[in-house]
Amino acid sequence: MVMAYTGTLTFSGSTLHVEPLVKVRKQLSTYSYSSSSSSSSSLNCSVPSPSSTERTSESSIQVSKSQEFSYTRASPSVRWPSLKLVESSQAPLTELVGGDGIGELEEGKKLVVDGAISGVLGRARKERVKGANNLELAKDGNRRNRAMILADRILGLPSEELVEDVLDSELGRMTPSDYCFLMKFLGQSSWQRALEVYQWLDAKHLDVMNAQMVAVILSVLGKANQEVFAVEIFTRTQHALSGSARVYNAMMGVYARSGKFTKVEELLNVMRERGCEPDIITFNTVINARLKSGPMEPNLAIDLLNEVRRSRIQPDTITYNTLISACSRGSNLQEAVRIYCDMEAHGCPPDLWTYNAMISVFGRCGLASKADSLLKKLKSTGFLPDAVTYNSVLYAFAREGNVEKVRDICMEMMKRGFEKCEMTYNTIIHMYGKKGEYELALQLYRDMKLSGRSPDAVTYTVLIDSLGKGNKMREAANLMSEMLDSGVKPNLCTYSALICGYGKAGKLMEAREIIDCMLKSGIKPDHLAYSVMVDVLLRSNKLSEALMLYKEMVLDGFVPNHRLYLALVREIKKEQREHDLQRVIVDMEELSALNPLDIYSVLVQGECYDAAAKMLRSVLLKGYNELDRENLMSILNEYSSSGRHSEAQELLNYLYPYETSSRQQLEEAFVVVLCKAKQLDAAMFRYREIKGFGLRVGSSIMYESLIKCCEESELYGDASQIFSDLMFYGLEPTEDLYRIMVHVYCRMSFPETAQKLIDEAEVKGIMFTNVDMYVGLIDAYGKCKEFKRAEGVVGRLRQRSRVVDRKVWNALVQAYAASGCYERARAAFNTMMTDGPAPTVDTIDALIGALIVDGRSDELYVVIQELQDMGFKIGKSTITLMLDAFVRAGSIFEVKKLYHGMKAAGYVPTLDLYRDMIVLLSRGKQVRDVSLIVAEMEEAGLKPDLVVWNSLLKMYTNIQDHGMAAEIYNKIQKYGLKPDADTYNTLIIVSCRDRRPEEGLRLMHEMRKLGMDPTLDAYKSLIAALGKQQMLDQAKDLFDHLHSKGYKLDRSFYHLMIRMYRNSGSYSKAEELLILMNESGLEPSAPTHMLMMSFGSGQPKEAEMLLNNLKSRGFAIGTLQYVTVIDAYLKNGDYNAGIQKLMSMRKDGLEPDHRIWTCFIRAASLCQRSSEALFLLKALENAEFNLPIRLLTVESSSLVLEVDCVLERLQAFEGGAAFNFVNALEDLLWAFELRAAASWVFQLALKRKIYRHDVFRVTEKDWGADFRKLSAGAALVGLTLWLDCMQGASLEGSPGSPKSVVLLTGAAEYNMVSLNSTVKAFLWEMGSPFFPCKGRSGILLSKGHSLSTWLKDSPFCFDLELRNAPSLPKLNSMRLINGCWMRRGLVPAFNDITTRLGEVQPKKFARLARLSDEKRDHAIQADIQGREAKLEKMKRRGMGLMARRTAKHQRRKICYHKEP
């Protein structure tokens, strides 16, 4: 509540400036007390007596009246200032009738004009009474003057004096007409004094009381709204004057002023009953009363006009003007035009009032052009526009906001001598306020005051309302303060405007305070004020107070409208006050008599869906058949969104039996509800039924629901079909439906159709603001590789807006990236950099993705560096993307480097990325790195899954660390993971490699029980393990099982079985297996035949027998079978038999090929004498292949081109023909000291890519080498070349050496030669710093610094050039000892050192090998003795240390026992 101002006032939670509101409150509180006292005095029904209270009241009334706005547009001198009219009286002017610009002249005013001027002005009042002469007119003027003088004397009396003091002195000299003039003039200023005069006359019982006098006093009291006194006088005089229509007309005028049409009708009936005929004034009064009693009903004006005619009275101009004015007030243009046309049709000429009224109605109805045309017509018919005319036209154009036209009309007014009046200013101020030009409105208000015009309540109300709508409440409060300072009392509209402004600004506390001020000031709220106040209280969350005010509103007779009921229902729903809701529903039914459908609509809009559903049932029971689709769908949507699908279907089932005209709506609602319940199948079934029944389609809601449901279920084809049905029925898709279908067609890879839909929607004026739709369209074009169309989409968006949304650019870059179009993606990226918006992390990721898909991973670091130079920070997602790319590419080195950089930056990979890295590194056997990553993964809180453990299991299986494999399996069980088929298969392979085939069989049976079947690799491992353990029967059973079950076994299975039978000596079973293999559709390959021939490996007779058996069984025999027999003879040293077999092969029609060449060359490289080697090579020469023997006997450099041609020819053969040939040739050349020839043959092999290009990698800053699969001679050539390259790099300092150098030799043997042993013997002899890797065999390591120093300082490295011997040596320079192919001269020393000392350090081996036999014997003996002495010393030292520890322990024990 607002308290009286005490000097301080604070607002909590309000941003309102306090000073203006404090001032307003103080002024309003002052007004509240004065108005309450004045209102109490005005309600007194008796004639006031002179007292102090009355004086206070009258003084307050005079003050308020002095400040009231009086509009002088009824004065002719003001209406037509250009005519210089003079009025005969200066009496105050009355208010306008109807307040719509139509006025009337008072009887006391007389225009001194001639007839011509009077005609111009329009219909003039009759100044001359019928039959009156000039003398009578003069007397009448004297009476008026005498009455005015007497009225001035009475008005000048003090309030305590009575009128009889003045009237008694004039008694006998006054006529009845004089008394009528006197009461009329007094009534214009004080109805009390006029009533006193009438009472004095009545008390004196003078014979002057007549109908005219009664009519005058009734008119005065009616204008003063003193209906009680008027009724009393009429009741006392009606019987005496029952025959005078003038008295009845006057009393009707009293009732008409307050709009009491029923009373007027009663008087009309009484008048007729008493034989008093109504005249035109009577009917004009009746019409005025009816029009003021309430809103106009349709055709009411025409009905009233016809009623006048039925009474045989011709309507006059006043009748028509009254009806047109009423139509103007109600903005009833149609009836106003009909009345106007009727007026012209019946020959009643319109006057200026008529034109003004018609101009007003055109202006109120927004037809400014019509009003302007009527103004021109008015001028053309000879009338002069007055101030009312101009203000009405001004209002018409101001209502349209036509500032230019308003300015022109104002200029025309001023040219004709009119000044801007208060109404003019108010109209223009209102126009600027509606346009939001508040400064102009306020400036006009200031100009108004400067021009001498007094702003009235309308002015202030219009300004306050405009400022409130513009949320300028500080200015509105200041204006309210100015209004109060100027003495203008706020009215109901003023308060309502201020309350609405505060309510709109959210300053609900201030709004409530203004409400309290209004109530304290004695202003009773009307319907609008009540509605605003209730709305403010509701928005303030004061529901209880709002309901109390709502009750007061109802008690005051105001019926809440639909909007207020809706606001009440919403707030009641929020606070869950069911009782109040039911009461409001009852009020809507009984008090407001709302239609049940309207109540149902209010409840739905107020979100009271349960009550709405109940009301809907009531609606159907009362026989209403029309159901509003939107309201029904709102209830169903609420039920569906809250999961109450059964209730929704129950409601529909209830509605379905009723014979309503909304059967189609119910059917569609069923489909929508089913879609909301995700019951797509049922919805589609009902939809097909609707189509089958041929029901007329109502709206697109059902189609949209179905399409949305199909989209969510990814049934894009069904969605497309339903959309086609919608278009077939001519329904307009909504914006949301267009968006959904664009997405559907994009997902269906129909971007052209989606683009067509977008174009169609834009033609219809639908402009999509959601860029996600365009993103989907670009993505669809990208998948179809329609990049031009995707670019076209971006181009159209750029035409629409200079800066395109970043999502669109990212979609375009990602579309390029998906197809690996890096250059296009980079161009789009550059456009974003120049035109905006700036690229984001997603853009960078897409750009990097384009590079990866384009297969240009080697450029990743270059692009990353460019982006960093441009100021972009490379985030986790980008690094993750690169890491994933390198993982997929299998680049272990890059993966490890990126992962370490990622850790350094503080980023943690995702679980999937961890898994992929572990799988890759496990495949690469990076044991240490895998263990660290698994540990870091667990530290990061990520639990390794079964895929990770399976990868570790496979890694340890591949490196044959069976113990760790078992530990990994234990961890799988420990973490509660269920082994899958991959786990079991790996475990089977582990068991087989660990030579535990029984365990493998157990795992196989366990797998089968779990419904899993081992892979062929697992079966293959089982068969191989069973074969190694000589478990032939189990292996055969397993093989037969696989064969019987229809497994597609490849050659490797047959080879395993053949090898198993070979080892067991079962030649016949192997031959049977070969036949079975042939029957299974597998042609025996070269390895198959080699395996079969291996039965005779080293056993020429067995090999010869097998060859004959194959011939007898009809197998095709080729060089492959012969080479096995020949190789067996040559390995046994039976060179003649081997050559004889070669000749036999040629006789059989088979010419020697690369296999025979390689076999003879390899055998020649192992010959102890050069003569034996030449003998074998001579056989090849006889077989028309002389290249090998020429390499040994002639200048080898001349044969380079010929060797290159041979290698080129051999590369066309499968099975590594060229590789095996070069290996054998390298062994031959190295063995017989043709090292230079071996070097250029090696270079040719590198050039022809027979050998890998990365055999050694000194230039790549790696310095590593990989000699695996090379022959011994080729490895020694490569090793020498590698050392020479490293020596050059060490001397030049570039490229720098790494921390460690790795040399890969492998642990396998080829042709009885171990490459690892051969290379070690070569390096050990040179005293190199290489040493074997402790963790893995087949790897030699050296520290980079030590290797560089050795290459620079070692005498063995002074000359690493490979040269040919001057002549062919008689003996082979190399010998094969226990798989080690070493220099012949090193063999004795090697045997002596390794036999007596075992494996020693390379430098020590080199030092001992260079000594003579005698010195080496002494050195070895000394070394042995030194070892023994050192061992003895260590033993003694260990025993002494043990004795000292025992003594120390004893001393501690003694000290402990000595403690007290």
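The shown structure was predicted, so the numbers you read here are calculated from the model rather than taken from an experiment.

Visitor: What exactly am I supposed to notice about a positive patch on the surface here?
Guide: Residues K925, R993, R995, K1028 and R1336 make up a contiguous surface patch of positive charge. Given the relative accessible area of 41%, R993 is considered partly exposed.

Visitor: I would appreciate a short explanation of helix α52 (residues 962-974) in the present structure.
Guide: The periodicity of an α-helix, 3.6 residues per turn, causes residues three or four places apart in sequence to face the same way. A rise of 1.5 Å per residue sets the reference length of α52, with its 13 residues, at 18 Å; its end C-alpha atoms lie 18 Å apart and thus fit the reference within 8%. Those residues of α52 that sit buried are H962, A965, I968, Y969 and I972. Looking down the long axis of α52, one finds its buried residues gathered within 110° of arc, a one-sided arrangement. If you follow the buried residues of α52, they end up packed against α51 (946-958) and α53 (981-993).

Visitor: In this structure, what is going on with the sheet that holds strand β6 (residues 1339-1343)? I would like to understand it.
Guide: Hydrogen bonding along the main chain pairs the strands of a sheet, whether they run parallel or antiparallel. If you walk across this open sheet you meet the four strands as β1-β2-β6-β5, and the pairing is mixed. Each end of this open sheet is capped by a strand with a single partner; those strands are β1 (1265-1266) and β5 (1331-1332). Sheet topology note: the β5/β6 ladder contains two bridges and is antiparallel. Paired with F1331 across the strands is L1341, a residue of β6. Each of β2 (1300-1304) and β6 is contacted by helix α71 (residues 1344-1353), which is oriented at about 80° to β6, the strand it contacts most.

Visitor: Looking at this model, I keep getting lost on the state of the cysteines. Mind explaining?
Guide: A covalent bond bridging the sulfur atoms of two cysteines is what the word disulfide describes. Summed over all chains, the structure comprises zero disulfides. C784 takes part in no disulfide bond, and the closest cysteine sulfur, belonging to C746, lies 9.2 Å away. The partly exposed category is assigned to C784, whose relative accessible area is 32%.

Visitor: How do you make sense of the pattern of salt bridges when you look at a structure like this?
Guide: Charged atoms that come close allow side chains of opposite charge to pair. A full pass over the atoms with the stated rule returns 57 salt bridges. Taking the shortest distance from any N to any O, the salt bridge between K260 and E227 comes out at 2.9 Å. One end of the pair, K260, is in the loop between α11 (245-257) and α12 (261-273); the other, E227, is in helix α10 (residues 227-237), with 33 residues separating them in the sequence. Of the charged contacts in the structure, one is a salt bridge between D772 and K807, with a shortest N-O distance of 3.6 Å. Of this pair, D772 sits in helix α41 (residues 771-783) while K807 sits in helix α43 (residues 806-818), placing them 35 residues apart in sequence. On the accessibility criterion, K807 (47% relative accessible area) is partly exposed.

Visitor: What exactly am I supposed to notice about the environment of R193 here?
Guide: Here R193 lies in helix α8 (residues 191-204). When the C-alpha positions of R193 and V163 are compared, they lie 7.3 Å apart, and in sequence the two are 30 residues distant. When sequence neighbours within four positions are dropped, the list of residues in contact with R193 reads I154, L155, L157, P158, S159, E161, L162, V163 and L186.

Visitor: Whenever I open this one, the packing of aromatic side chains confuses me. Can you help?
Guide: Two numbers describe a pair of aromatic rings. These are the distance of the centres and the angle of the planes. For the structure on display, the rule yields 21 aromatic pairs. Ring centres of W1157 and F1185 lie 3.9 Å apart, and the angle between their planes is 5°; on these two criteria the pair is classed as stacked. Residue W1157 is located in helix α63 (residues 1154-1165), and its partner F1185 is located in the loop between α64 (1170-1182) and α65 (1187-1193); the two are separated by 28 residues in the primary sequence. Judged on exposure class, the residue W1157 and its partner F1185 are both buried. An aromatic cluster is built from W1157, F1185 and F1221, whose rings are joined through pairwise contacts. Sitting above the plane of the W1230 ring, R1235 keeps its charged end 3.9 Å from the centroid.

Visitor: For this particular structure, what's the right way to read the nonpolar core?
Guide: As a rule of thumb, soluble globular proteins bury nonpolar side chains together. In terms of nonpolar packing, the biggest core is built from 138 residues, with L706, I778, L867 and L952 touching the most fellow members. Beyond its immediate sequence surroundings of up to four residues, L952 is in contact with I918, S922, V930, V934 and I968. By size, the runner-up hydrophobic cluster in this structure holds 118 residues, among which are L323, V488, L537 and L564.

Visitor: Help me understand a negative patch on the surface, please; the structure alone is not making it clear to me.
Guide: Side chains of E160, E161, E164 and D165 sit close together on the surface and give a patch of like negative charge. Structurally, the position occupied by D165 is in helix α6 (residues 164-167).

Visitor: How do you make sense of the pairing of β2 when you look at a structure like this?
Guide: Strand residues, when the strand is regular, have side chains that alternate between the two faces of the sheet. Residue alternation in β2 divides its side chains into a buried set, V1301 and L1303, and an unburied set, S1300, V1302 and L1304. This β-α-β element, β1 to helix α69 (residues 1272-1292) to β2, shows right-handed connectivity.

Visitor: Before we go on, may I ask you to explain the side chain of S705 in this structure?
Guide: Structurally, S705 can be placed in helix α37 (residues 701-712). Contact partners of S705, with chain neighbours within four places excluded, come to V672 and C675.

Visitor: Explain the pairing of β6 to me, please; I cannot follow it from the model alone.
Guide: Where β2 and β6 come together, five bridges link them in antiparallel fashion. In the strand pairing of β6, V1301 is matched with S1342. In sequence, β5 turns back onto β6 through a hairpin of six residues, with G1338 there showing a positive phi of about 80°.

Visitor: Sorry if this is basic, but what is going on with the packing of helix α72 (residues 1387-1397) against helix α73 (residues 1402-1410) here?
Guide: When two helices pack together, their arrangement is captured by the angle between the axes and the distance separating the axes. Two elements in contact, α72 and α73, have axes whose closest approach is 10 Å; the angle formed by their N-to-C orientations is 125°. Judged on the interaxial angle alone, α73 and α72 are oblique. You can see that α72 and α73 cross each other, and the crossing is right-handed. Across the interface between the two elements, A1389, F1390, I1393 and L1397 of α72 pack against F1405, L1408 and A1409 of α73. Broken down by class, the residue content of the contact of α72 with α73 amounts to seven nonpolar, no polar and no charged.

Visitor: Can you help me understand the environment of L374 in this one?
Guide: Following the sequence through the fold, L374 ends up in helix α18 (residues 368-380). Considering only alpha carbons, one finds L374 and Y355, 19 residues apart in sequence, at a separation of 7.3 Å.

Visitor: What exactly am I supposed to notice about the packing of α8 against α10 here?
Guide: Running from N to C, α8 and α10 point in directions that differ by 20°, and their axes come no closer than 13 Å. For the element pair α8 / α10, the angle class is roughly parallel. For α8 against α10, the interelement crossing comes out left-handed. Of α10, the residues touching α8 (which contributes W191, L195, Y198 and D202) are F229, I233, R236 and T237. Classifying every residue of the contact of α8 with α10 gives five nonpolar, one polar and two charged.

Procedures and definitions
Residues numbered from 1 in each chain as written. Predicted model: local features only at pLDDT ≥ 70, side-chain atom pairs only at ≥ 80, totals over all residues. Heavy atoms only, no water. Patch = residues over 30% accessible without salt bridge, like charges linked within 9 Å, V, L, I, M, F, W, Y side chains within 5 Å. Areas by Shrake-Rupley, 256 points an atom, 1.4 Å probe, with all protein chains shown as cover. Salt bridge = Lys/Arg side-chain N within 4 Å of Asp/Glu carboxyl O. Lys, Arg positive; Asp, Glu negative; His and termini not counted. Charge placed at Lys NZ, Arg CZ, Asp CG, Glu CD. Buried < 20%, exposed > 50% of the residue type's maximum accessible area, 1.4 Å probe, protein only. Helix = DSSP H or I, 4+ residues; strand = E, 2+ residues; numbered from the N terminus. Expected span 1.5 Å × (residues − 1). Arc of directions from axis to C-beta. Contact = heavy atoms within 4.5 Å. Pairing = 2+ DSSP bridges. Axes fitted to C-alpha atoms, helices over the stretch in contact; angles between N-to-C directions. Disulfide = S-S within 2.5 Å. Phe/Tyr/Trp six-rings, centres within 6.5 Å; stacked < 30°, edge-to-face > 60°. Lys NZ or Arg CZ within 6 Å of the ring centre and 35° of its normal. Core = buried A, V, L, I, M, F, W, Y, C linked by side-chain atoms within 4.5 Å. Right-handed = clockwise from strand over helix to strand, strands pointing away. Parallel < 35°, antiparallel > 145°, perpendicular 65-115°, else oblique. Left-handed = near helix turned anticlockwise from the far one by under 90°. Nonpolar A, V, L, I, M, F, W, Y, C, P; charged D, E, K, R; others polar.

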